[in-house]
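Chain and residue survey
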Amino acid sequence: MGTGERTTMLWQIVSVIVVLCTFLMPRTLQAQQATLRFGDVSGSHGETVNIDIFASFNLSIHGADIPFTFDEDRLEFVDHDLRGTAAETINPGVAYSIVPEPGKGFFQVLSFENNKIQPANDLLLARLKFRIRLDAPVGNTSVAPAPTGPTAGIEGQAYFFRREKSRVVVEEFVSSVVGVVDCGCPLTVGNLTCEHSLN
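Summarised in this report is the structure supplied together with it. Keep in mind the model is a prediction, meaning the values are calculated, not measured.

Regarding the overall build of the protein
Counting secondary structure elements, the protein contains two helices and 18 strands. Per-residue burial for the protein yields a buried fraction of 38% across its 199 residues. Nonlocal contacts in the protein, meaning residues at least 24 apart in sequence, comprise 76% of its contacts between residues at least 6 apart. For the protein, the exposed area adds up to about 11100 Å²; of that, 53% sits on carbon and sulfur atoms.

Side note on the pairing of strand E3 (residues 48-57)
Most of E3 sits inside the fold, with seven of its ten residues counted as buried. The sheet contact formed by strand E1 (residues 35-38) and E3 spans four bridges and is antiparallel. When the sheet's bridge partners are listed, leucine 36 is paired in E3 with alanine 55. As paired elements, E3 and strand E8 (residues 120-132) share nine bridges and run antiparallel to each other. Bridge pairing links threonine 48 to arginine 131 in E8.

Here's the deal with unusual backbone geometry
A positive phi angle, close to 50°, is found at asparagine 91, a residue other than glycine. Within the secondary structure, asparagine 91 sits in the loop between helix H2 (86-89) and strand E6 (94-101). With a phi close to 60°, aspartate 122 is a non-glycine residue in the positive phi region. Note that aspartate 122 resides in strand E8. Classification of aspartate 122 by relative accessible area gives partly exposed; the value is 34%.

About the cut-offs
- Residues numbered from 1 in each chain as written.
- Predicted model: local features only at pLDDT ≥ 70, side-chain atom pairs only at ≥ 80, totals over all residues.
- Heavy atoms only, no water.
- Helix = DSSP H or I, 4+ residues; strand = E, 2+ residues; numbered from the N terminus.
- Buried < 20%, exposed > 50% of the residue type's maximum accessible area, 1.4 Å probe, protein only.
- Contact = heavy atoms within 4.5 Å.
- Areas by Shrake-Rupley, 256 points an atom, 1.4 Å probe, with all protein chains shown as cover.
- Pairing = 2+ DSSP bridges.

Below you can see the structure in the form of structure tokens.
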């Protein structure tokens, strides 16, 4: 094989690599850009607060599995809420949330009709509701999306549903900051009345 033939073959190989990279790299990046972010909030003892779930993804989806963790010394899980969110628009056939282990929860939303949520950045997907415990220490805590979490006796993974047997794994997670503030008023815990201070 002459020098000219080798050069031609080398350029053909380089061309094939460039074409493959052009088609394969965007798919890899799309999967890597799937993000869950929980919004910040603050409240006083006994108050129910909403943790907004924001999602970023580059492919249309029709549902999500979202494990999460929280500080059970300060927070009590109440329920999920879809009103006014993207999850409400897909008319989900499944929307449930459970806390199978202390401080660990799982939320799922899924459209059986295959209704789609279009690609978006920082889209309000749903909400989780928590009650701040009456005896919670004043200060900051968090509710965090998790890569995995317990659900119905198995370990579930955080991902967005694409279509049957097709999922995008969530790889980026941003936790919320939940501020427990002193309302400045007496609080009743059982038969006791006490006052919290910022000190």
